[in-house]
2 protein chains.
Amino acid sequence: MKSEIISVGTELLLGQIVNTNAQIISQELQKIGVDVYYHTVVGDNKKRLMEVFHTAWNRSEVIILTGGLGPTQDDLTKETIAEYLNIPLVLDEESLNRIREYFQKRQKEMPINNMKQAMLPKGSKAIPNQKGTAPGVILEKDGKTIIMLPGPPFEMEPMLKDYVVPLLSKKTSAVILSRVLKFYGIGESTLEEKIKDLMENQTNPTIAPLAKMGEVTLRITAKAGSAKEAMSLIAPIESQIRQRVGEYLYAFDDEKIEDVVARLLLEQNKTLAIAESCTGGLVSHKLTEVPGISKSLDRAIVSYSNRAKQEILFVRSETLEKYGAVSEQTAIEMAEGVKRISKTDIGLSITGIAGPSGGSTEKPVGLVYIAYTDSSGCFVEKHFFSGNRSEIKERAANAALHLLRKNLLKYHEEDEVWKP
Amino acid sequence: MKSEIISVGTELLLGQIVNTNAQIISQELQKIGVDVYYHTVVGDNKKRLMEVFHTAWNRSEVIILTGGLGPTQDDLTKETIAEYLNIPLVLDEESLNRIREYFQKRQKEMPINNMKQAMLPKGSKAIPNQKGTAPGVILEKDGKTIIMLPGPPFEMEPMLKDYVVPLLSKKTSAVILSRVLKFYGIGESTLEEKIKDLMENQTNPTIAPLAKMGEVTLRITAKAGSAKEAMSLIAPIESQIRQRVGEYLYAFDDEKIEDVVARLLLEQNKTLAIAESCTGGLVSHKLTEVPGISKSLDRAIVSYSNRAKQEILFVRSETLEKYGAVSEQTAIEMAEGVKRISKTDIGLSITGIAGPSGGSTEKPVGLVYIAYTDSSGCFVEKHFFSGNRSEIKERAANAALHLLRKNLLKYHEEDEVWKP
């Protein structure tokens with residue numbers, strides 16, 4: 001089934017935003033075996049949108065449009081497509097009610113402009129929008145499927161996954177399945193060297209590496225007639241990869257390091273307290289993205305000033321004077337201090353220099369100490385991270401979570417990650 | 001001058017990478033007044049690339065292609081375009097030497113495949129590639145300019161900026177300048193209603209609204225012969241917009257709310273301590289993204305458990321029992337507690353229900369209290385935020401920073417935002 005994606009919005013042509021919608025839609029369509037042949041971006045311009053749609057109409061069976069469903073005059077996707085296909089726009093009462101409810105919930109009057117969002121091409125189906133006011137549209141005509149989705153990714157994505165993917169997967173028989181393996185502590189080229197022969201000899205499944213900040217992922221992708229068949233193609237390759245580099249593997253698919261850590265903490269009924277300095281709350285923010293973590297995380301202290309380190313965490317002034325705030329000794333006292341005052345099982349601390357200023361020859365920007373403590377003892381790691389302030393914070397926070405994971409795994413009989 | 005961008009690469013259609021090249025090229029072209037009317041992505045497929053190029057050739061004066069210049073069989077951009085234009089590929093000795101040097105420097109033999117990269121359309125100019133082996137191509141024909149650049153962004157970007165931008169800016173005299181106004185506390189449709197007449201009557205500058213999570217931006221874009229002239233077109237429109245909705249305006253261009261708040265705190269020499277519950281450290285993380293904030297931010301306490309709220313912030317157990325952790329009273333005691341223990345000028349607190357569980361009829365998921373306190377008193381806000389756990393955290397953190405901004409502005413003789 002041939003498909004293409006048309007993104008409508010002058011902001012994309014101005015480079016104001018990057019076209020993540022096309023990426024996300026492509027990923028989802030790929031999973032269900034719908035081939036994407038083109039992405040097109042066109043501005044909020046009726047004539048040009050009509051021309052682009054005309055081209056798409058003549059070459060694709062599925063056309064997904066994003067953007068231009070808003071309440072403003074600029075927003076003309078529905079109007080243009082309806083005009084091209086010679087279909088009138090009619091009021092959809094259910095959509096209008098949903099838009100009204102949206103404003104009622106926020107105790108606001110519905111502006112008259114938003115009425116326009118409830119006007120849909122006659123014979124089309126509305127896709128409810130849980131995050132905003134613009135309903136999506138599913139329109140079937142002449143054996144083709146046209147789908148219109150709002151531009152903001154946080155509105156578009158759930159509508160895509162909950163309505164569009166199920167609809168299209170009914171129309172296709174091929175299944176494309178991917179399995180993502182996530183590695184930490186090994187570089188991309190080292191990883192590639194170790195599995196080079198596997199990568200070169202594979203066509204189904206394929207193995208594609210991707211390096212992100214501080215981690216490497218491998219995507220194993222198989223195409224088959226069924227999910228079961230696809231999985232049976234992936235399994236032996238995954239097993240070979242694990243045999244070679246399994247010690248660096250920490251998660252699968254969409255799982256993040258904070259998800260892994262939260263799961264281990266909750267499984268083991270362990271309580272945690274965190275003392276952060278240079279990461280400024282980022283470790284705690286990441287962990288609190290995981291629902292249910294309040295059962296484990298008691299508190300986090302962002303002791304940004306030395307005074308806070310002394311007053312709350314009882315880091316000794318002699319330690320700060322003799323070794324400095326960014327030192328192994330301070331990291332240890334922060335971790336032990338926060339564990340003691342919180343009466344938790346585990347204490348975790350991060351202290352370092354995120355920059356851009358504050359570095360010296362002995363203690364450069366990027367120097368970070370991370371300490372973990374529990375009843376069995378205290379462990380400290382020293383890191384030198386590269387990047388700007390924001391990247392150093394990100395790398396340090398991830399390293400702290402990985403140190404936590406490593407220590408939580410010691411309570412397992414065997415390495416957690418090896419379980420199927 | 002009409003231009004368009006064609007990105008060649010199946011990896012884009014599979015959603016493996018996002019099309020940042022199109023964004024970066026668009027940004028650069030916009031600065032020099034070259035209008036971008038379309039982005040197209042097409043796979044590594046000769047027939048489809050030729051069709052896409054045919055369309056572009058008939059509608060644009062400048063066509064920039066990225067990708068498909070590599071040494072493999074898959075890479076067919078030059079071959080396809082040369083065939084379409086009926087121009088033979090010939091060996092460019094200078095490019096071949098550069099590719100040889102690239103491998104020599106790395107003490108490697110040049111693979112024979114890479115020879116292909118030195119074959120350029122006859123009459124074209126090579127763009128040297130400092131970061132890789134594929135030279136770029138500048139081809140002028142029938143009054144049109146065709147530019148081919150390699151796909152990897154770190155190779156493409158310097159070639160774009162050092163060669164393509166100077167070349168194209170000679171061909172155009174226009175300058176396009178944008179000014180972004182950021183608003184908070186007003187919905188997209190309400191904002192638009194208030195400035196509808198301005199939007200409708202404007203063609204230069206244009207006014208384009210964009211809604212993001214919890215905020216709305218307006219982009220005013222002017223085209224003129226010089227930057228000065230463009231600015232003089234923008235200024236009166238900006239002034240009219242400010243007269244109507246200036247109270248909601250909080251930042252310009254790339255500035256974020258945390259940048260505004262950090263600037264105000266540092267300008268006013270005010271110290272801050274934060275007590276977070278449902279946001280889990282996100283407010284502190286955002287603020288500590290800003291360099292120099294350590295002069296103002298003393299500490300943040302993520303008092304996730306009730307015990308932490310009592311032990312560190314001295315929230316009274318009666319308050320927690322009578323009103324609950326998510327209440328106006330607890331928010332006030334958290335803000336005052338953290339200010340008192342930290343001896344800072346300002347205390348800020350956030351307590352709420354981020355979900356997905358923990359909500360009730362009286363206290364639903366999304367209910368958040370935010371309190372601000374300083375020597376002049378304490379202010380509390382009650383919010384109902386929509387979205388998932390992560391979105392509620394994000395909205396609550398932004399609301400807390402906006403409350404901080406609002407209170408910091410009262411120290412100004414006049415509204416900060418009104419200063420030119």
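As the structure is a computational prediction, the values presented were derived from the model and not from experiment.

(A) Spotlight on the overall build of chain A. Counting secondary structure elements, chain A contains 14 helices and 17 strands. Along the first, second and third principal axes, the C-alpha atoms of chain A reach 80 × 60 × 40 Å. Counting all 420 residues of chain A, 56% fall into the buried class. Considering only contacts within chain A whose residues lie at least 6 apart along the sequence, 67% involve residues at least 24 apart. Carbon and sulfur atoms provide 49% of the accessible area of chain A, an area that totals close to 17,700 Å². Here chain A contributes 53 positively and 55 negatively charged side chains, and the mean placements of these two sets differ by 1 Å.

(B) Representation of a positive patch on the surface within the structure. Residues Lys196 of chain A together with Lys105, Arg106 and Lys108 of chain B make up a contiguous surface patch of positive charge. Note on placement: Arg106 of chain B falls in the loop between α5 (93-105) and β5 (119-121). Taking relative accessible area as the criterion, Arg106 of chain B reaches 42% and is therefore assigned partly exposed.

(C) The arrangement of the interface of chain A and chain B in detail. Contacts between the two partners involve 71 residues from chain A, matched on the other side by 76 residues from chain B. In this assembly, chain A packs against chain B so that about 6,100 Å² is buried in total across both faces, 50% of it on carbon and sulfur atoms. In terms of surface lost to chain B, no three residues of chain A exceed Leu13, Leu14 and Tyr304 of chain A, which account for 9% of the buried area on that side. Note that Arg299 of chain B and Glu311 of chain A form a salt bridge whose closest N and O atoms lie 2.7 Å from each other. Remark: the boundary between chain A and chain B carries 44 residue pairs in polar contact (both at pLDDT 80 or more). Here the element with the most residues in the side of chain A that touches chain B is strand β2 (residues 35-42) of chain A; it accounts for seven residues. Tallied by class, residues from the side of chain A that touches chain B come to 31 nonpolar, 26 polar and 14 charged. Bridge count between β2 of chain A and strand β2 (residues 35-42) of chain B: five bridges; the pairing is antiparallel. Note on β2 of chain B: the bridge partner recorded for Tyr38 of chain A is Val42 of chain B.

(D) Examining the packing of aromatic side chains more closely. Residues and elements named next belong to chain A. Taken as a whole and assessed by the stated rule, the structure comprises eight aromatic pairs over all chains. On the numbers, 5.5 Å between centres and 75 degrees between planes, the contact of Tyr102 with Phe103 is edge-to-face. On the basis of relative accessibility, which here comes to 9%, the residue Phe103 falls in the buried class. Three or more aromatic residues link up through ring pairs in this structure, and these residues are Phe53, Trp57 and Tyr84. The ring of Tyr37 is capped by Lys2, whose NZ or CZ atom sits 5.6 Å from the centre of that ring.

(E) Representation of the sheet that holds strand β8 (residues 144-149) of chain A in the model. Strand order in this open sheet of twelve strands is β6(A)-β7(A)-β8(A)-β3(A)-β1(A)-β2(A)-β2(B)-β1(B)-β3(B)-β8(B)-β7(B)-β6(B), and the pairing throughout is mixed. The open sheet has two edge strands with one neighbour each: β6 (125-127) of chain A together with β6 (125-127) of chain B. In this sheet, adjacent strand axes meet at a mean angle of 15 degrees when their direction is disregarded. Bridge count between strand β1 (residues 2-8) of chain A and strand β3 (residues 62-66) of chain A: five bridges; the pairing is parallel.

(F) How the structure looks around the UniProt feature "domain: MoaB/Mog" (unreviewed entry) in chain A. Here, UniProt's "domain: MoaB/Mog" (unreviewed entry) annotation points to residues 4-170 of chain A. Secondary structure content for residues 4-170 of chain A is 42% helix and 23% strand, and the end C-alpha separation is 18 Å.

(G) Just the environment of Val36 of chain A, in detail. Along the chain, Val36 of chain A turns up in strand β2. When the C-alpha positions of Val36 of chain A and Ser3 of chain A are compared, they lie 4.8 Å apart, and in sequence the two are 33 residues distant. Those residues in contact with Val36 of chain A that lie beyond four places of it in its chain are Ser3, Ile5, Ser26 and Leu29 of chain A together with Leu13 of chain B.

(H) Region of interest: helix α4 (residues 77-85) of chain B. Buried within α4 of chain B we find Thr77, Lys78, Thr80, Ile81, Ala82 and Leu85 of chain B. The first or second residue beyond α4 of chain B is Asn86 of chain B, which carries a positive phi of 60 degrees.

(I) Inspection of the pattern of salt bridges at higher detail. Residue and element names in this part refer to chain B. In total, this model carries 52 salt bridges over all chains according to the counting rule given. Where Glu381 meets Lys406, a salt bridge forms, and the shortest distance between an N and an O atom there is 3.2 Å. Taken together, the residues span a long stretch of sequence, with Glu381 in strand β17 (residues 377-384) and Lys406 in helix α14 (residues 389-409) at a distance of 25 residues. Classification of Lys406 by relative accessible area gives exposed; the value is 52%.

Reading guide: rules and limits
- Residues numbered from 1 in each chain as written.
- Chains lettered and ligands numbered in written order.
- Predicted model: local features only at pLDDT ≥ 70, side-chain atom pairs only at ≥ 80, totals over all residues.
- Heavy atoms only, no water.
- Helix = DSSP H or I, 4+ residues; strand = E, 2+ residues; numbered from the N terminus.
- Buried < 20%, exposed > 50% of the residue type's maximum accessible area, 1.4 Å probe, protein only.
- Contact = heavy atoms within 4.5 Å.
- Areas by Shrake-Rupley, 256 points an atom, 1.4 Å probe, with all protein chains shown as cover.
- Lys, Arg positive; Asp, Glu negative; His and termini not counted.
- Charge placed at Lys NZ, Arg CZ, Asp CG, Glu CD.
- Patch = residues over 30% accessible without salt bridge, like charges linked within 9 Å, V, L, I, M, F, W, Y side chains within 5 Å.
- Salt bridge = Lys/Arg side-chain N within 4 Å of Asp/Glu carboxyl O.
- Buried area = accessible area lost by both parts, 1.4 Å probe.
- Polar contact = N/O pair within 3.5 Å; in protein donor to acceptor, adjacent residues only side chain to side chain.
- Nonpolar A, V, L, I, M, F, W, Y, C, P; charged D, E, K, R; others polar.
- Pairing = 2+ DSSP bridges.
- Phe/Tyr/Trp six-rings, centres within 6.5 Å; stacked < 30°, edge-to-face > 60°.
- Lys NZ or Arg CZ within 6 Å of the ring centre and 35° of its normal.
- Axes fitted to C-alpha atoms, helices over the stretch in contact; angles between N-to-C directions.
- UniProt positions renumbered as here; feature names shortened; annotations may be inferred.

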